[in-house]
Amino acid sequence: MAGSFRSRPLRTGLPVLIALMIGAFGLRIWNLNEPSIWHDEGWSIRAIRDPINTPDDNTPPVYYAIMHLLWQGAGETPLALRYGSVLLDVTTIALAARLVRRWAGWEAAILVAALLGLSPLLWAYSREIRAYAAVPLLALVLLWLADRLLNAQDKTSSAPPNFPWRVWAELLVAELTLLYTHNLSVPVIGWLNLAVGGTWLWQRRWRRLAIWIGGQAALLVAYIPWLLTQSPSGTALNTPPQVSPALLWDIWQGYFAPLPTMVGAENALVIASAVFGIAAALSVASLMTWNANRHTLLVLSQALVIPLLATAELLAAHIDFHPRYYVAGVPAAMMVIALGVHSLPELLELRRLAAPSVLALAAGVSAAGLIPLFDRPEYQHDDFQAITTYYAALPDDTLILIPYGWEPAIEEYYADKLDLRAELIGIDLHSDPTETAEQINAALDGKSGPMRVELLTWYQLPADLRGMYSCLLESAGQREGTSFTVQGITTQGYRLSGPVRLAEIPDQQADYGALKLTGAAWNGTDSICLHTTWTLPQTTNQNWRAAGRLLTIDPPGWIIARSDTDIRRDDQAPTSQWETGDQGSAFSLLRFPDGAPPHRYTVQVGLYSRENPNGVNQLVNGIPSGKMITLTTIRAAQTTDNPYSKAPPVPASIQLPAGADGSGILELVGHDAPGGTLNPGQEMRITLYWHLDKNCCETLASTDATLVLRGEDWSVAQPIEAYMQYSLDWHALVVPAEASGPAVLTLESETLAPVTLANYTIEPSDHLFTPPAYDTA
């Protein structure tokens, strides 16, 4: 049966292949209109509409020119815009099957069509409006033309008429087309030069090699105009892959896990990839043992060399690992497997089961990769459609801040379709605080009243790891409700009551050894934004963080707000990546708790890292002088009618007359006195939660009530203090040194019988009234 299938004639092999092609097409087009257009596709849509005047800044124009032609008259739906990528991928499958049928027959052609049709990596990027879909196709075109070029044998190696000029010219055109299709072309061109140039060098065909080198030099000259327009892709935040055996395993898994987050995350996919990897290794062994001809060696070289050169490209460009950068090697890898199965001798019993076994493995690994892609939201497109729908429902005068310049998925596609009327303000990626404040204030200029501002965060592009935007915006007003989050994106609303600004704190410098504090500024009422500037005196391998603290003055030393934030340069690089003399910032957002009384408070900052979690001392003339620095004192805003549902409850309502005439009502709605055991000399910190009748007083309640900690023959009392309308009342009661026995915490007033809040037991301290024995006084 295997033998008959292997030599299956056209009348049966072709229908099977056509059925597989239809199945691959259906798998790619199914549900194609549903996923949201996302950021990268927004770039592509912009370039497709006008590939000459508005090209994609990162991708050459050939793909977009082809898609522009297909897009004409097709409409603006996601399906119409993605359809071209589907066609390119299906053509890739057809070309691979055509080459394998020519080299090995119908059985191998059908097998490679099935393998590529089920490929999760090809499937994922055939469904995006990106040029990745064109790279595997053109890589196969180069493979086909390279085979033809090497197949053209001279009768004499020096006879000029016998040089395959036409194939050579076609190959140059294909190379140039690939170079102007995607930057992933460089590894493919590198493989081609190694394969063709290496072959002719080995065969000592010097004339052909000279012609080849001349053609490649001309190709480089034609590519230089594009190269000159490119800026470096990598940033300080990228983590290029580490060259190791584990990277080879990640690359292989990436053929079936299209997203980095999928690699190693799905147990079924890991197991299926490993089993399929064993099948691939056996296929290579079969190929080298029984069918190591020029065709198969050329395919094998493409399958092995392209991933190696793609890795070198990632390292050179300082780019993170991503399976999409290896998509060009997928067709050749699947062709190697199909050719390896074909190479098994028919006399072996394994030959009979090889093709169906490999198909079953391919179906298993495909299911393990594709099912999570359909079912798991975290593996799907970032939902810019949902976030734009949310924005479209906001008032027309809302300002939407894009902290990385612009968002093409919204601005180029969804804004018009969903009638978005809010104003989009693009702030360049990695802008410093001054530039950011100037742009926000320019957008606010001329507008009256509090303004609604929305801050967009797209998690694939961390433009604000320091928390600069939230710090600046909240200090100029207040947060507006909770954030709205969809797949991959969050937006947070703010109500700005004034311009964004920071007031410098003069003469604030400190030397921590590892870093120097060289400046500080702040702003805010309900929330304080503390901006500290740090300078690196010498390189460090630690990522330092700033510890911002907000403390009470009365009673002294209570930390009521804290903020631990990274210290980073404007490009978001942490301190471990700085050079000597580099400067960066930390933004500490310190929120007053609801009901904080309008007293004065202290703002402090310290320095710590993972290696020094308890912080480091500042140095004054080289002497350690404390870990926290007091930067300034500030006054809180007047308390408001904030919700107090989180206040610890009291057993029953406790009300006191308040106001000058006693007609107001002051209600204790909660306290945090737990009761239990105390020790002599211990400071007991207590918070009372008050609600004051808004018709009572202008600001401060007038009452004779006191909070009393009372024992058998001692007491400690403090007057209560309550503000309009909801406020916190902080008390620090110190247990006397001679106290012991039971004690009670009460609320007392001339007009109210004492109300017990908590009961305590004072444990007596051990006293030593005689000196211990000693030898030397």
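Below, the structure is looked at part by part. Sequence order as written defines residue numbering, which begins from 1 separately in each chain. This being a predicted model, a pLDDT of at least 70 is required before a residue's local features are given, and a value of 80 or more before pairs of side-chain atoms are given or counted; all residues contribute to the totals for chains, interfaces and linings. In computing side-chain values, all of the structure's heavy atoms are included and hydrogens and water are not.

A few points about the pairing of strand S1 (residues 399-402)
Neither face of S1 is open: one carries Leu399 and Leu401, the other Ile400 and Ile402, and all of them are buried. Two strands pair if DSSP finds at least two bridges between them. A run of H or I in DSSP becomes a helix once it reaches four residues, and a run of E becomes a strand once it reaches two; helices and strands are each numbered from the N terminus. Judged from the 3 bridges that link them, S1 and strand S3 (residues 451-458) form a sheet pairing that is parallel. Pairing of Ile400 across the sheet is with Glu454, part of S3. Where S1 meets strand S2 (residues 423-426), 4 bridges bridge the pair, whose relative direction is parallel. Three exposure classes are used, based on accessible area relative to the maximum for each residue type with a 1.4 Å probe and protein chains only: buried under 20%, partly exposed in between, and exposed over 50%.

Thoughts on the side chain of Glu454
Inspection of the secondary structure puts Glu454 in strand S3. Engagement of the side chain of Glu454 in a polar contact is seen with the side chain of Thr491, the distance being 2.5 Å. Setting aside anything within four residues of it in sequence, one finds Glu454 in contact with Tyr390, Tyr391, Leu394, Thr398, Leu399, Ile400, Leu401, Thr491, Gln492 and Gly493. In protein, a polar contact requires one atom able to donate a hydrogen and another able to accept it; more generally it is a pair of N or O atoms within 3.5 Å, and residues adjacent in sequence count only if both atoms are side-chain atoms. We call two residues in contact when some of their heavy atoms are within 4.5 Å.

Here we look at the sheet that holds strand S5 (residues 489-496)
Taken in spatial order, the 5 strands of this open sheet run S2-S1-S3-S5-S4, and their pairing is mixed. Two strands close off the open sheet at either side, each with one partner strand: S2 and strand S4 (477-486). Each neighbouring strand pair of the sheet contributes to a mean axis angle of 25°, computed without reference to strand direction. Sheet topology note: the S3/S5 ladder contains 8 bridges and is antiparallel. To obtain an axis, a line is fitted to C-alpha atoms, over the contacting stretch when the element is a helix, and the angle between two such axes runs from 0 to 180 degrees between their N-to-C directions.

Let's talk about the environment of Trp290
In this fold, Trp290 is placed in helix H13 (residues 267-290). On the accessibility criterion, Trp290 (45% relative accessible area) is partly exposed. Here the alpha-carbon distance between Trp290 and Ser527, two residues 237 residues apart in the chain, equals 74 Å.

What about the packing of helix H4 (residues 62-71) against helix H5 (residues 78-104)?
Closest axis-to-axis distance for the H4/H5 pair is 9 Å, and the angle between their directions is 115°. For the element pair H4 and H5, the recorded crossing hand is right-handed. On H5, the residues touching Tyr63, Met67, Leu70 and Trp71 of H4 are Leu81, Gly84, Ser85, Leu87 and Leu88. Classification convention: Asp, Glu, Lys, Arg as charged; Ala, Val, Leu, Ile, Met, Phe, Trp, Tyr, Cys, Pro as nonpolar; all other residues, Gly among them, as polar. Class assignment of the residues belonging to the contact of H4 with H5 gives a composition of 7 nonpolar, 2 polar and no charged. By definition, any crossing whose near helix is turned counterclockwise from its far helix by less than a right angle is left-handed, and any crossing with a clockwise turn is right-handed.

What about the pattern of salt bridges?
Each reported salt bridge corresponds to a side-chain nitrogen of Lys or Arg within 4 Å of a carboxyl oxygen of Asp or Glu. Within this structure, the stated rule accounts for 25 salt bridges. The closest approach of N and O atoms between Glu41 and Arg82, which form a salt bridge, is 2.9 Å. One end of the pair, Glu41, is in helix H3 (residues 39-49); the other, Arg82, is in helix H5, and 41 residues separate them in sequence. The salt bridge involving Glu454 is made with Arg452; its shortest N-O contact spans 2.6 Å.

A few points about the packing of aromatic side chains
Aromatic pairing here means that ring centres of Phe, Tyr or Trp (its six-membered ring) are within 6.5 Å. Orientation follows from the plane angle: under 30 degrees is stacked, over 60 is edge-to-face, and everything else is tilted. For the structure shown, the criterion picks out 27 aromatic pairs. With a centroid separation of 6.3 Å and an interplanar angle of 85°, the aromatic rings of Trp200 and Trp212 are classed as edge-to-face. One end of the pair, Trp200, is in helix H10 (residues 185-203); the other, Trp212, is in helix H11 (residues 206-227), with 12 residues separating them in the sequence. Each of the two residues, Trp200 as well as Trp212, counts as buried. Judged by centre distance (5.9 Å) and plane angle (50°), the rings of Tyr404 and Trp458 are tilted. Residue Tyr404 is found in the loop between S1 and helix H18 (408-417), and its partner Trp458 is found in strand S3; the two are separated by 54 residues along the sequence. Among the residues examined, Trp458 registers a relative accessible area of 5% and is labelled buried. Within the aromatic cluster, the residues linked to one another by ring pairs are Phe163, Trp165, Trp168, Trp200 and Trp212. Charge-over-ring placement is defined geometrically: NZ (Lys) or CZ (Arg) within 6 Å of the ring centre, and within 35 degrees of the ring normal. Between the NZ or CZ atom of Arg101 and the centre of the ring of Trp106, over which it lies, the distance is 5.3 Å.

Description of helix H6 (residues 106-117)
Along its 12 residues, H6 runs 16 Å from first to last C-alpha, staying within 8% of the 16 Å computed at 1.5 Å per residue. Of all 12 residues making up H6, 12 are buried, and the element is well covered by its neighbours. When H6 is considered as a whole, its buried residues turn out to be Trp106, Glu107, Ala108, Ala109, Ile110, Leu111, Val112, Ala113, Ala114, Leu115, Leu116 and Gly117. Expected helix span is taken as 1.5 Å per residue step, with the number of steps being one fewer than the number of residues.

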